[in-house]
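Coordinate inspection notes
What follows is the residue order along each chain.
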2 protein chains.
Amino acid sequence: MSETHDAVDVIRTKRDGHELSDSQIDWVIDAYTRGSVAEEQMSALAMAILLNGMNRSEISRWTHAMIASGERMDFSSLSRPTADKHSTGGVGDKITLPLAPLVAACGVAVPQLSGRGLGHTGGTLDKLESIPGWRAGLSNDEMLAQLEDVGAVICAAGEGLAPADRKLYALRDVTGTVEAIPLIASSIMSKKIAEGTGALVLDVKVGSGAFMKDAESARELARTMVDLGTDAGVRTVALLTNMSTPLGRTAGNALEVRESVEVLAGAGPEDVVELTVLLAREMLAAAGVDGVDPADKLRDGSAMDVWRRMIVAQGGDPDAKLPTARETHDVVAAADGVVVAMDAYDVGVAAWRLGAGRARKEDPVQAGAGVEIHVKPGDEVRAGQRLLTLHTDEPERFDRAFAALDGAVTVAPKGSRPEIVPLVIDRIA
Amino acid sequence: MSETHDAVDVIRTKRDGHELSDSQIDWVIDAYTRGSVAEEQMSALAMAILLNGMNRSEISRWTHAMIASGERMDFSSLSRPTADKHSTGGVGDKITLPLAPLVAACGVAVPQLSGRGLGHTGGTLDKLESIPGWRAGLSNDEMLAQLEDVGAVICAAGEGLAPADRKLYALRDVTGTVEAIPLIASSIMSKKIAEGTGALVLDVKVGSGAFMKDAESARELARTMVDLGTDAGVRTVALLTNMSTPLGRTAGNALEVRESVEVLAGAGPEDVVELTVLLAREMLAAAGVDGVDPADKLRDGSAMDVWRRMIVAQGGDPDAKLPTARETHDVVAAADGVVVAMDAYDVGVAAWRLGAGRARKEDPVQAGAGVEIHVKPGDEVRAGQRLLTLHTDEPERFDRAFAALDGAVTVAPKGSRPEIVPLVIDRIA
């Protein structure tokens, strides 16, 4: 950090397609965090990175410079190994809710720092906040105590973790520079490495409802993050999973909590159960724990026990009635046939417009709003049968949600077969 | 201007290599000028333009949106046609000083809006400000009156002309986005078109001392600007001229005024005279005036008469003694031989470091500082003979000027021949 650079020289280096030196990267992240590199300079650099890329060594240095901008957590005093999971975000992706208590029930501590939703994908904290009394903010000491006591915690990341990333993320959001794989990967991994987890499983979503629309770019992102984790001594594995159709049968905050509790009770939609168990197995393996089958822990109620203790520990009432929306409206099939496709992005946008999501960071969300999904690709339907139920507190929102859903569900003549994408597309370790 | 866009969408369009629509361009320039598109958004867009380019129609629309951000001048009330010249900047490029009065002496009015220097190239206004009493700031009415009365004016561009360009130029300077041909061309041409000249001659410099280091990119810039001028109804022609070696025998403010007066007196360095006359002929032709040879107007003293009246009209004393630097230092030849090269960039940096130029807009310049050039490529020299004389008020500046000049002058054994680059490399109309 001793060498001083000129911001314009650093920008020009990347603009002209050259490799940034370690010293340039350390300097620019530190100077940006302190405010001596201006927002307009960092945005020009971010665009140059988006268009010209960074190699593995640059991405690694960039990530570590962001970690060095803040504090690091330390879970080495815990009596159990730790494992965390990160999803790149999808529609109906409530997996963290059943997964964290399930893995804790298998003997591995889960320190899950989560975020709020922006745009068409939901945020884990928004979902949990629909539980009366539950609070997302914990001190580091509270987090450590809950991990030791309960084994699982889902909470907001503290202000001290990778502050450079917080600043850069907000900038990228308004400057069209979100979609840069080196910047996405370093943003996610700087927080996960600073958080101090021993093992990490990445759920990289692919498809219309995901950030990465095609498997090729998802694979590149996954590979970049696995390399970063491995280089930093975190046992890291990534699954590429299907997000062309919504996960489970709900998209919305309280709706998804309800479905998660069903899964913890040993029921719930098949795809949610399958992915939860798969990811749990990966987390246990990465944490070096074997001989435990997570499917058993769903069946025998021990995952549900951890869930209840986890909610109580953060002020929530696991027995409280969840909020419901004041108004509902059904979307029905126009003709007999077979559902061959349900577009995840369209359903996500509809849930967002119904009030489940936010357009700006400061917007509130409705706890009860969202979309209930009654059919899945492959199901036969009859004319007039319910496909979706829309929930909102504000009926004036229905029109824009309908508009988003135009063409979202494809019903083909009987005998047609849906295009089947496997739930897990690839595994990268 | 009625349609509203989202800044991130506009940035993404160019980032992803697509064409910006007319409406997007109009909106983004207007919103940026008003401050509702933020600096960090415009810098990301500028970087995307630098790396992905703009086509002819986008550049044209961008230029006109910048013109529309401010006022336009109108010279149609003048009794004479108008012609202007713009140089992309070089070392020792004082041509505007003799050229404007020379063309006026031939019957064409020259409304020359000029700037100050930044970096290794000098600024026309800085040079003229070394004349005691002379002032750069004129109102539009004063400018028009002087054009009618004297025929030539060299002054600072008013605040009202293309304010979007002023804001964008300052942003590009600190974000590594200066070197984008669409942005350079639209910056220059928006001011020239808004200024209202009827004809325009562009002197696009090529070589180490110029902004464009190679003929190919200079030709692209020239072609882009000629197209923009032509499309806007301005008769526009461009010359590509050599800037691998300094122009004339001086680089510095008062030093260049002195040399310009020598040219107006019918003497002066051969290359300065040649380029001044060539550009004058182009301006007369573009303004539709024929039957006058500018070389005659140098010889018969009528160009000098206009010069004196032009200086007096702006408060200057053409007979005042010009400032000289307090300290000088000679650079001498180490051995007998032939000068085969003198690097324009190195000489420009030396003059800048001696105090003739500025590193930041708010820095002052020294009137007397600069470099006197005693030999030109092709000249024979003897060991100990003066090659350059350095001028400054602050002798502590000599060391850094020497460092810049290391290797700047190449003396080869007798009989060696310099690489001769013609003064005019190409002409684009």
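1. Quick notes on the nonpolar core
Core analysis: the biggest nonpolar cluster contains 126 residues, and Trp62 of chain A together with Ile29 and Trp62 of chain B have the highest contact counts within it. Every residue in contact with tryptophan 62 of chain A, bar those within four places of it in the chain, is listed here: Ile25, Val28, Ile29, Met42, Leu45, Ile49, Met54, Leu168, Leu183 and Ser186 of chain A. Of all hydrophobic cores here, the second largest spans 77 residues; its members include Ala280, Ala295, Leu354 and Ala369 of chain B.

2. Concerning the relation of the copies chain B and chain A
The two copies are related by a screw motion: chain B maps onto chain A through a turn of 180° and a shift of 0.1 Å along the axis, at an RMSD of 0.0 Å. Such a combination of turn and shift is consistent with a two-fold rotation axis. Taking C-alpha positions as the reference, the residue of chain B nearest the rotation axis is glutamate 40 of chain B, at 1.9 Å. Interface overlap between copies is the fraction of interface residues in one copy that are interface residues in the other; for chain B against chain A it reaches 100%, indicating a shared surface.

3. Some details on the interface of chain B and chain A
Counting residues at the interface gives 20 residues for chain B and 20 residues for chain A. Overall, the association of chain B and chain A removes approximately 1,700 Å² of surface from exposure, summing both partners, and the carbon and sulfur fraction of that is 65%. Connecting chain B to chain A are 4 salt bridges. Two residues, glutamate 179 of chain A and arginine 12 of chain B, come together in a salt bridge whose shortest N-O distance is 3.2 Å. Across the contact surface, chain B and chain A share 11 residue pairs in polar contact (both at pLDDT 80 or more). For the side of chain B that touches chain A, the secondary structure elements donating two or more residues are α1 (7-15), α3 (39-52) and α8 (163-174) of chain B.

4. Concerning unusual backbone geometry
Residues and elements named next belong to chain A. Even without being a glycine, alanine 162 presents a positive backbone phi close to 45°. Structurally, alanine 162 is set in the loop between β3 (152-156) and α8 (163-174). On the basis of relative accessibility, which here comes to 1%, the residue alanine 162 falls in the buried class.

5. Notes on the pattern of salt bridges
Scanning all chains against the criterion turns up 61 salt bridges over all chains. Between glutamate 259 of chain B and lysine 94 of chain B there is a salt bridge, with its nearest N and O atoms 2.8 Å apart. Of this pair, glutamate 259 of chain B sits in helix α11 (residues 253-264) while lysine 94 of chain B sits in the loop between β1 (83-87) and α5 (96-105), placing them 165 residues apart in sequence. A relative accessible area of 3% means that glutamate 259 of chain B is categorised as buried. Overall, lysine 94 of chain B belongs to the buried group, its relative accessible area being 0%. Notably, a salt bridge pairs aspartate 271 of chain B with lysine 376 of chain B, separated by 3.0 Å at the nearest N-O pair. Residue aspartate 271 of chain B is located in helix α12 (residues 270-286), and its partner lysine 376 of chain B is located in the loop between β9 (370-373) and β10 (380-381); the two are separated by 105 residues in the primary sequence. We classify lysine 376 of chain B as buried; its relative accessible area is 15%. Each of Arg12, Arg15 and Asp16 of chain A together with Glu179 of chain B takes part in one network of salt bridges that share partners.

6. Some words on the packing of aromatic side chains
Residue and element names in this part refer to chain A. Applying the stated rule across the entire model yields 2 aromatic pairs over all chains. Here phenylalanine 398 and phenylalanine 402 contribute two aromatic rings whose centre-to-centre distance is 6.3 Å and whose plane-to-plane angle is 25°, an arrangement assigned as stacked. Taken together, the residues phenylalanine 398 and phenylalanine 402, both in helix α16 (residues 398-405) and 4 residues apart, mark about one turn of the helix. Residue phenylalanine 398 is classed as buried on the basis of its relative accessible area, which comes to 8%. The class of phenylalanine 402 is partly exposed, set by a relative accessible area of 30%. Over the ring of tyrosine 32 we find lysine 167; its NZ or CZ atom is 4.4 Å from the centre of that ring.

7. What to know about the domain arrangement of chain A
Residue and element names in this part refer to chain A. Structurally, chain A comprises domain 1 (7-53), domain 2 (84-313) and domain 3 (327-412). Taken together, the 27 residues of domain 2 in the interface contact 30 residues of domain 3. Buried area between domain 2 and domain 3, summed over both chains or domains, comes out near 2,000 Å², and the portion from carbon and sulfur atoms is 54%. Elements supplying a minimum of two residues to the side of domain 2 that touches domain 3: α8, β6 (250-252) and α11 (253-264). Sorting elements by how many residues they give to the side of domain 2 that touches domain 3 places α11 first, with 4 residues. Considering only residue class, the side of domain 2 that touches domain 3 consists of 9 nonpolar, 12 polar and 6 charged.

8. Looking at the environment of aspartate 293 of chain B
Residues and elements named next belong to chain B. If you trace the backbone, aspartate 293 turns up in the loop between α12 and α13 (294-299). Note: C-alpha distance between aspartate 293 and valine 277 (16 residues apart in sequence) is 8.6 Å. A distance of 3.0 Å separates a polar atom in the side chain of aspartate 293 from a polar atom in the side chain of arginine 281. For aspartate 293, the side chain forms a polar contact with the main-chain nitrogen of alanine 295, separated by 3.1 Å.

Cut-offs used in this document
- Residues numbered from 1 in each chain as written.
- Chains lettered and ligands numbered in written order.
- Predicted model: local features only at pLDDT ≥ 70, side-chain atom pairs only at ≥ 80, totals over all residues.
- Heavy atoms only, no water.
- Core = buried A, V, L, I, M, F, W, Y, C linked by side-chain atoms within 4.5 Å.
- Buried < 20%, exposed > 50% of the residue type's maximum accessible area, 1.4 Å probe, protein only.
- Contact = heavy atoms within 4.5 Å.
- Least-squares fit on C-alpha atoms with pLDDT ≥ 70 in both.
- Buried area = accessible area lost by both parts, 1.4 Å probe.
- Salt bridge = Lys/Arg side-chain N within 4 Å of Asp/Glu carboxyl O.
- Polar contact = N/O pair within 3.5 Å; in protein donor to acceptor, adjacent residues only side chain to side chain.
- Helix = DSSP H or I, 4+ residues; strand = E, 2+ residues; numbered from the N terminus.
- Phe/Tyr/Trp six-rings, centres within 6.5 Å; stacked < 30°, edge-to-face > 60°.
- Lys NZ or Arg CZ within 6 Å of the ring centre and 35° of its normal.
- Domains from an automatic or database assignment.
- Nonpolar A, V, L, I, M, F, W, Y, C, P; charged D, E, K, R; others polar.

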